[in-house]
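# Structural features, examined
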Amino acid sequence: MRRTADAVVIGGGVTGASVAYNLLKLGMRDVVLCEKATFCNGSTGRCGAGVREQWGSKGNCLLAKASIDMFEQLADELNYPHDLEFKQKGYLMLAHTEKEWAQFQKNVQLQNSLGIKSRLCTPEEAREIVPALNTEGMLGATFNGRDGHANPFHVTRAYLTAAERMGADINYFTEVTGIEVSGGKVKAVVTKKGVIETPIVINAAGPWAKPVAEMVGVKLPLFTQRHQILVTEPVGWLLDPMVMSFSIGIYCQQTPHGSLIMGIGDPHEPKGYDIGHSWEFLRDMSRIITRLLPALKDVRVVRQWSGLYTVTPDAHPILGGVPGIDGYLQAVGFSGHGFMLAPAVGQIIAEMALGKVTFLDVRNLDVGRFERGEYNVEPSVV
Amino acid sequence: MSRTDDDIIVCRCEDVTLGEIRRAIAEGATTMDEIRRITRAGMGPCQGRTCRQLIALELARKTGKPVAEVLPSTIRPPMKAVTMGSLAKIGEEDAE
């Protein structure tokens, strides 16, 4: 491991990987990444693998749209030997309540105004998109064909291997235990394998972002929460898009591999770091999804696991620096959608680190917004 | 083992060959989980019952560690693949 760097990135998930790659792409020379386990060990490797532009706020819409533009070019840009399993067969968002349907009409209006080509669908139109769907009790849906799926392991590794080829020093099983700050400036990162002198450190530690921020005395308004998920055996074609419902609190998508990945957002889930799994989840998930997609009753579940959402008060990430600590940047609190925003976030954080103007204006996503009371809660989250 | 063994299927569920396992190790994988994430070996219906030992052996051989020191992959439920239709009925008999 190197002992000096131009920047140290903390976290080997997709955000850290994208930040490291973008720093080198923009011309930084000496980039070191420290990960306490191995790639995709936190939230990235446990996520639902969906990518979508259909959000309920301008900030999330723009970050997601820019990211999907980048996902479309990623395999070529990163020159990666494996398939990234990027597919764009859409997201179908189901509305079962009046409140939800009203929100969707607002969302589509906002999305269209930002160049996102989502549209409202009747239940009949939704069935044309997903013939297996039970539309009983459904008021309508929204659909956007540019949304879809990518393999989080391979996307992350594609960034990491590209960064490595460009000269990054990627260190697995290298836990960061401290950050040295003096005179209001970042001086060094302390790891279990030694100290790295650096003027810049980027906190991309996912569920551990809060303890990492505390190393520089920053208190982040974050909490972590378990989300459970399962995958089935691969089967023949069943459905094209991700099927998602906010009022029921579920999502389900068939991957290019043929397996179906699905999960529940349980509002009663306690906060904390528990990533165990429960049989109740298998039962509840199966009950809900076999009502919505009855053909799934004969499909076998092969594996269940869980991961952590790292949630902010408004379900938008916290991006950028903190007044008074020169050289400290953070890309944290993705609230369950870090994977799909990582391409754009990586570029933005790299631009900030190099003192450039960011390609998207994210000044309103700083940590200070919570104290100023200048934030709006994202409505479209499972 | 020679290079001609590369075509041997190690993971029958996901059609992963010994050559693919070796390539993942050559690309830097040092743990069972990393190999699983790169190749899908062990992610299929049998959840690695057959390939787990074979991969651990290959990893031990390539890294020069004893098999016992190779970091195992996480074993996750259900222990056997179960249909969603059966899972949806859990507890129904008790309720009657």
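Per chain, residue numbering runs from 1 following the sequence as it is written. As a convention, the first chain written is A and the first ligand written is 1, with the rest following in written order. Selection of residues for local features in this predicted model requires a pLDDT of at least 70, selection of side-chain atom pairs for listing and counting requires 80 or more, and totals for whole chains, interfaces and linings are taken over all residues. Hydrogens and water molecules were not included; the side-chain quantities draw on all heavy atoms of the structure.

### Description of the side chain of Gln253 of chain A
Residues and elements named next belong to chain A. Which entries qualify depends on this criterion: Helix numbers and strand numbers start at the N terminus; a helix is a DSSP run of H or I with at least 4 residues, a strand a run of E with at least 2. Exposure categories follow from relative accessible area, calculated using a 1.4 Å probe and restricted to protein chains: below 20% of the type maximum is buried, above 50% is exposed, and the middle band is partly exposed. Nitrogen and oxygen atoms within 3.5 Å of one another constitute a polar contact, given that in protein one can donate a hydrogen and the other can accept it, and given that sequence-neighbouring residues count only through two side-chain atoms.
Summarising the element assignment, Gln253 is placed in strand 15 (residues 250-254). Residue class for Gln253 comes out buried when judged on its relative accessible area of 1%. There is a polar contact of 3.4 Å between the side chain of Gln253 and the backbone oxygen of Gly148.

### Side note on the packing of aromatic side chains
All names here are of chain A. The condition that has to hold: Think of it this way: a Phe, Tyr or Trp ring, Trp meaning its six-membered ring, pairs with another when their centres are within 6.5 Å, and the plane angle makes it stacked under 30 degrees, edge-to-face over 60, tilted otherwise.
Within the structure shown, the criterion is met by 7 aromatic pairs over all chains. Where Tyr21 meets Tyr159, the ring centres are 5.7 Å apart and the plane angle is 50°; that geometry is what we call tilted. Highlighted residues: Tyr21 in helix 1 (residues 14-25) and Tyr159 in helix 5 (residues 152-165), separated in sequence by 138 residues. Residue Tyr21 shares its accessibility class with Tyr159, and that shared class is buried. For the ring pair Phe104 and Phe246, a centre distance of 6.0 Å and an interplane angle of 85° mean the geometry is edge-to-face.

### Observations regarding the environment of Ile25 of chain B
Along the chain, the position of Ile25 of chain B falls in helix 1 (residues 18-26). Judged by relative accessible area, which is 11%, Ile25 of chain B ranks as buried.

### Examining the sheet that holds strand 9 (residues 176-182) of chain A
Residue and element names in this part refer to chain A. The line we're drawing: Any two strands are treated as partners once DSSP identifies two or more bridges connecting them. Angles here are taken between N-to-C directions and fall from 0 to 180 degrees, while the axes themselves are lines fitted to C-alpha atoms, restricted in helices to the stretch in contact.
One open sheet accounts for 3 strands, arranged 9-10-11; its pairing is antiparallel. Of all strands in the sheet, those with a lone pairing partner are strand 9 and strand 11 (194-197), marking the two edges. Within the sheet, the average angular offset between the axes of one strand and its neighbour, ignoring direction, is 25°. In the sheet, strand 10 (residues 185-191) pairs with strand 11 via 4 bridges, with the strands oriented antiparallel. Across the sheet, the residue bridging to Val190 is Val195, located in strand 11.

### Comments concerning the domain arrangement of chain A
All names here are of chain A. Condition: An automatic or database domain assignment provides the domain bounds reported here. Contacts are residue-level and defined by heavy atoms, with any inter-residue pair within 4.5 Å sufficient. Values labelled buried area give the accessible surface lost by two parts on being combined, using a 1.4 Å probe and summing over both. Only Asp, Glu, Lys and Arg are considered charged, only Ala, Val, Leu, Ile, Met, Phe, Trp, Tyr, Cys and Pro nonpolar, and every remaining residue, Gly among them, polar.
According to the domain assignment, chain A contains domain 1 (7-47 + 153-221 + 314-372) and domain 2 (88-145 + 223-311). For domain 1 and domain 2, the distance between their C-alpha centres works out to 30 Å. With 14 residues of domain 1 at the interface, the matching set in domain 2 holds 13 residues. Between domain 1 and domain 2 lies a buried interface of about 1,000 Å² when both sides are counted; carbon and sulfur atoms form 53% of it. Ranking the residues of domain 1 by area buried against domain 2 places Arg46, Pro207 and Ser335 at the top, with a combined share of 48%. For the interface between domain 1 and domain 2, the tally reads 6 residue pairs in polar contact (both at pLDDT 80 or more). Looking at the side of domain 1 that touches domain 2, its residues break down into 7 nonpolar, 6 polar and 1 charged.

### Re helix 8 (residues 338-353) of chain A
Residues and elements named next belong to chain A. Put simply, the rule reads: Multiply 1.5 Å by the residue count of a helix minus one, and that product is the helix's expected span. Throughout, the bend at a residue refers to the angle made by two axes, fitted to the seven residues ending there and to the seven starting there.
The terminal C-alpha atoms of helix 8, which comprises 16 residues, lie only 20 Å apart, well short of the 22 Å expected from a rise of 1.5 Å per residue. The sharpest bend along helix 8 reaches about 45° and sits at Ala344. Just downstream of helix 8, Gly355 is the residue with a positive phi angle, here 70°.

### Things to note about the nonpolar core
Residues and elements named next belong to chain A. Basically, it comes down to this: Nonpolar cores were defined as sets of buried Ala, Val, Leu, Ile, Met, Phe, Trp, Tyr and Cys residues, with membership established by side-chain atoms within 4.5 Å.
Membership of the largest hydrophobic core comes to 93 residues, with the highest contact counts inside it found for Val9, Leu23, Leu63, Val155, Ile202 and Leu319. Ranked by the residues each element gives to this core, the list is headed by helix 8, at 10 residues. Each of domain 1 (7-47 + 153-221 + 314-372) and domain 2 (88-145 + 223-311) gives at least three residues to this core. Once residues lying within four places of it in the same chain are set aside, the contact partners of Val9 are Gly16, Val19, Ala20, Leu23, Val31, Val32, Leu33, Cys34, Ile202 and Ala204.

### Here we look at helix 2 (residues 32-39) of chain B
Counted residue by residue, helix 2 of chain B has 8 buried out of 8 residues, so it is predominantly covered. Taken as a whole, helix 2 of chain B has its buried residues at Met32, Asp33, Glu34, Ile35, Arg36, Arg37, Ile38 and Thr39 of chain B.

### Structural notes on unusual backbone geometry
The phi torsion of most residues other than glycine is negative, and most of the peptide bonds are trans. The linkage connecting Pro77 of chain B with the following residue, Pro78 of chain B, adopts the cis geometry, with an omega of -5°. Residue placement: Pro78 of chain B occurs in the loop between helix 3 (51-63) and strand 3 (82-83). In this model, Ala49 of chain A sits at a positive phi of 70°, which is unusual for a non-glycine residue. For Ala49 of chain A, the location among the structural elements is in the loop between strand 2 (31-34) and strand 3 (50-51).

### As for the interface of chain A and chain B
Note the following rule: By convention in these notes, a salt bridge is any Lys or Arg side-chain nitrogen within 4 Å of a carboxyl oxygen on Asp or Glu.
Contacts between chain A and chain B engage 37 residues on the former and 28 residues on the latter. Buried surface at the junction of chain A and chain B, summed over both partners, amounts to about 2,800 Å²; 59% is from carbon and sulfur atoms. The interface formed by chain A and chain B contains 1 salt bridge. For Glu27 of chain B, the salt bridge is made with Arg157 of chain A, and the minimal N-O distance between the two is 2.8 Å. Scanning the region where chain A abuts chain B turns up 14 residue pairs in polar contact (both at pLDDT 80 or more). Residues of the side of chain A that touches chain B, tallied by class, amount to 17 nonpolar, 11 polar and 9 charged. Looking at chain direction, strand 17 (residues 300-311) of chain A and strand 3 of chain B are connected through 2 bridges and run antiparallel. Paired with Arg300 of chain A across the strands is Thr83 of chain B, a residue of strand 3 of chain B.

### Quick notes on the environment of Val70 of chain B
Residues and elements named next belong to chain B. Topologically, Val70 is positioned in the loop between helix 3 and strand 3. Residue Val70 is classed as buried on the basis of its relative accessible area, which comes to 8%. Residues Val70 and Met32, 38 residues apart in the sequence, show an inter-C-alpha distance of 7.4 Å. If we ignore the near neighbours within four places in the chain, the residues touching Val70 are Met32, Ala56, Leu59 and Ala60.

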